[in-house]
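Chain by chain, the residues run as shown.
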Amino acid sequence: LEMMDKGKNGAMAEMFNKIANRQQNMNEERRQRLKREQAKLRKLQEDQAKMKSQKASMRAWAVKQLSVKEVKGLEKGFKAIDADGSESIDEDELFNLMKLLKINMPRDKLHRLVLEVDIDHSGELDFSEFLVLAAKAKEGGKYATAFQSIVTAQSRAIESGNIRSQLEKMKE
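For clarity, every value in this text was computed on a predicted model and none was experimentally measured. (Residues numbered from 1 in each chain as written. Predicted model: local features only at pLDDT ≥ 70, side-chain atom pairs only at ≥ 80, totals over all residues. Heavy atoms only, no water.)

Undergrad: Explain a positive patch on the surface to me, using residue names and the numbers behind them.
TA: A cluster of basic side chains, namely Arg30, Arg33, Arg36 and Lys40, defines a positive patch on the protein surface. Tracing the chain through its elements places Arg30 in helix H2 (residues 11–65). Classification of Arg30 by relative accessible area gives partly exposed; the value is 44%. (Patch = residues over 30% accessible without salt bridge, like charges linked within 9 Å, V, L, I, M, F, W, Y side chains within 5 Å. Areas by Shrake-Rupley, 256 points an atom, 1.4 Å probe, with all protein chains shown as cover. Salt bridge = Lys/Arg side-chain N within 4 Å of Asp/Glu carboxyl O. Lys, Arg positive; Asp, Glu negative; His and termini not counted. Charge placed at Lys NZ, Arg CZ, Asp CG, Glu CD. Helix = DSSP H or I, 4+ residues; strand = E, 2+ residues; numbered from the N terminus. Buried < 20%, exposed > 50% of the residue type's maximum accessible area, 1.4 Å probe, protein only.)

In structure tokens:
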């Protein structure tokens with residue numbers, strides 16, 4: 001105790017104070033970093049919830065535009081086009097399908113179409129987004145002809161039993 005009492009002043013005290021201050025600063029930096037990471041996580045969760053809600057409302061809109069028979073046909077076609085079984089269709093799969101079925105669509109136009117309906121900005125279309133694409137084709141508008149080409153392509157893909165194996169070969 002006597003040494004601790006003496007350590008309150010002088011070089012030892014100064015060293016202990018520096019260590020304590022450094023520790024306090026490190027703790028504050030950690031708290032600030034943790035707050036920033038928590039804020040990022042909250043923002044990400046909010047964005048995901050917003051996107052999920054947006055996707056659900058777009059799917060609901062698409063389902064209203066299409067008949068039950070059309071939705072079932074589109075589901076079948078979607079599975080046929082999904083060459084890698086990822087439950088999503090990327091631009092390459094769509095482009096290869098169009099090429100295979102001799103439907104002429106420039107890659108940049110296809111890219112714009114995918115961007116138009118790619119709600120989650122993944123660069124791929126899941127089935128919900130594919131339904132939106134089909135509903136937009138049916139509805140008409142800005143890209144109606146191009147959307148219709150993709151819907152026609154997937155429809156023809158169903159009719160051709162070996163389309164999936166041909167698409168898989170093109171992917172390799």
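After presenting the structure, the write-up continues.
Undergrad: Quick one: what's the story with helix H6 (residues 127–139), residue by residue and with numbers?
TA: Between its terminal C-alpha atoms H6 stretches 18 Å, which fits the 18 Å expected from 13 residues at 1.5 Å a residue. The element H6 is largely enclosed, with a buried count of 11 among its 13 residues. Considered for burial, the residues of H6 that qualify are Phe127, Ser128, Glu129, Phe130, Leu131, Val132, Leu133, Ala134, Ala135, Lys136 and Ala137. Between the side-chain oxygen at the start of H6 and the backbone nitrogen of Ser128 there is a gap of 3.2 Å, and the oxygen is on Asp126. At the C-terminal side of H6, Gly140 shows a positive phi close to 95°. (Expected span 1.5 Å × (residues − 1). Polar contact = N/O pair within 3.5 Å; in protein donor to acceptor, adjacent residues only side chain to side chain.)

Undergrad: Which residues make up the nonpolar core, and what are the values?
TA: Within the largest apolar cluster, 27 residues are counted, with the highest numbers of intra-cluster contacts made by Leu66, Leu74 and Leu131. Elements represented by at least two residues in this core include exactly helix H3 (68–81), helix H4 (91–100), helix H5 (107–117) and H6. Residue contributions to this core peak at 7 residues, all from H6. (Core = buried A, V, L, I, M, F, W, Y, C linked by side-chain atoms within 4.5 Å.)

Undergrad: Explain the environment of Leu125 residue by residue, including any values.
TA: Mapped onto the elements of the fold, Leu125 is located in strand E2 (residues 124–125). In this structure Leu125 comes out as buried when scored by relative accessible area, which is 0%. Separated by 43 residues in the primary sequence, Leu125 and Asp82 place their C-alpha atoms 10.0 Å from one another. Excluding anything up to four places from it in sequence, Leu125 contacts Phe78, Ser88, Ile89, Leu94, Val114, Val117, Asp118, Phe130 and Leu133. (Contact = heavy atoms within 4.5 Å.)

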